[in-house]
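# Understanding the architecture of this molecule
Listed below, chain by chain, are the residues.
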Amino acid sequence: MEKPDYNDEKIIFLAQKAQLLRARVLQMINKAPKEGAGHPGGSLSAADIVTVLYFDIMNIDPKNPTWEDRDRFVMSKGHAVPIVYAALAERGFFKKRELLTLRRIGSILQGHPDMTKTPGIDISTGSLGQGLSVAVGMAIAGKMDKNNYNVFCLLSDGELNEGQIWEAVQSAVKYKLDNLIAIVDYNGIQNDGFTDEIMPLNSLSSIFDSFGFSVMEIDGHNIEEIKNAFSKCKELTGKPNIIIAHTVKGKGVSFMENDKDWHTGSISDEQLKIALKDIDYNGDDLYE
């Protein structure tokens, strides 16, 4: 994989951390029960976004996961939660060895986020289309309680097919939720195929702009662009924010990129070796 041409020390740190989280996703799905082991494609496409959030932007405390003034994160595309688990483990919310238990009976790391099991998960998600509504509620609560936290909500492009998303969009604008920052992981593929074939998302920026959102469109794998977009959103007032991040499904792994068949599935030992080589990862394995 071609290494990014970054000079800034913080950007280099984040780029390296994103590759580590990709490696953890691949390793944990490889270790998971093989029947429907995980969702690698959408986890890898969101890796750079999640990395910047958890290691640079969000105000969180691993020692106090329910801290009242923390920033909130809603993983609306709940099936891609392995990338969030990887970030939480790396930040110290729980032991890294827990990643070995993905989707196993009794594990704190299930196939979709569960706030009753996993430290650092702010809301249980899984049914697509509902996350933005929850994020709107959290943002309204922050305004009512005069708390300064921000609410970040990561959406998939496929779930924008859901009508409830657009009800939440209208509510966010009505209540001028400038503490809400939504992100679309626009990788162009959903469970059944390419989004442009199933339900086209034409002029997405114009649509959100017409509703009254502050809109930014970025390369969702350019760490510097991601970081700058989040920083700008935190400075804007009077409108909810949306970042449309153009990404690649299965980013970084040669046999996964832009392949709808890697929306979900297991990863064999041989595939793991190839994938880790693709992302230039030579570090340690997960703790046995």
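The following paragraphs examine the structure supplied in this document. Source: prediction; values computed, not measured. (Residues numbered from 1 in each chain as written. Predicted model: local features only at pLDDT ≥ 70, side-chain atom pairs only at ≥ 80, totals over all residues. Heavy atoms only, no water.)

## Some points on helix H8 (residues 204-211)
- Among all positions of H8, only Leu204, Ser205 and Phe208 are buried. Along H8, the residues classed as buried sweep out an arc of 100 degrees about the axis, all on the same side.
- Buried residues along H8 sit in contact with helix H6 (163-174), strand S3 (180-186), strand S6 (214-219) and strand S7 (241-246).
- Two residues or fewer past H8, Gly212 is found with a positive phi of approximately 120 degrees. (Buried < 20%, exposed > 50% of the residue type's maximum accessible area, 1.4 Å probe, protein only. Helix = DSSP H or I, 4+ residues; strand = E, 2+ residues; numbered from the N terminus. Arc of directions from axis to C-beta. Contact = heavy atoms within 4.5 Å.)

## Some remarks on the pairing of S7
- Counting buried positions over the 6 residues of S7 gives 5, a clear majority of the element.
- The pairing of S3 with S7 spans 6 bridges and is classified as parallel. In the strand pairing of S7, Tyr186 is matched with His246.
- Examined bridge by bridge, S6 and S7 share 6 bridges and lie parallel to one another. Its bridge partner lying in S7, Met216 is registered against Ile243.
- In the classification by handedness, the crossover that spans S6, the intervening helix H9 (residues 223-235) and the parallel S7 is right-handed. (Pairing = 2+ DSSP bridges. Right-handed = clockwise from strand over helix to strand, strands pointing away.)

## Quick word on the packing of aromatic side chains
- All chains considered together, the criterion is met by 6 aromatic pairs.
- Judged by centre distance (5.6 Å) and plane angle (75 degrees), the rings of Tyr54 and Phe73 are edge-to-face. Taken as a pair, Tyr54 in helix H3 (residues 47-57) and Phe73 in strand S1 (residues 72-75) lie far apart in primary sequence, 19 residues in all. Note on accessibility: Tyr54 and Phe73 belong to one class, buried.
- Residues Trp166 and Phe208 carry aromatic rings whose centres are separated by 5.1 Å and whose planes lie at 40 degrees to one another, so their mutual orientation is tilted. Placement of the pair is Trp166 in helix H6 and Phe208 in helix H8, with a sequence separation of 42 residues. Each of the two residues, Trp166 as well as Phe208, counts as buried.
- Across the ring face of Tyr149, the terminal group of Arg72 is positioned such that the distance to the ring centre comes to 3.9 Å.
- Over the ring of Tyr175 we find Lys174; its NZ or CZ atom is 5.3 Å from the centre of that ring. (Phe/Tyr/Trp six-rings, centres within 6.5 Å; stacked < 30°, edge-to-face > 60°. Lys NZ or Arg CZ within 6 Å of the ring centre and 35° of its normal.)

## Digging into the packing of H6 against H8
- Relative orientation of the contacting elements H6 and H8 amounts to 45 degrees, with a least axis distance of 9 Å. Classed by the angle they form, the pair H6 and H8 counts as oblique. Along the contact surface, H6 presents Trp166, Val169, Gln170 and Val173, while H8 presents Ile207, Phe208 and Phe211.
- When its residues are assigned to classes, the contact of H6 with H8 shows 6 nonpolar, 1 polar and no charged. (Axes fitted to C-alpha atoms, helices over the stretch in contact; angles between N-to-C directions. Parallel < 35°, antiparallel > 145°, perpendicular 65-115°, else oblique. Nonpolar A, V, L, I, M, F, W, Y, C, P; charged D, E, K, R; others polar.)

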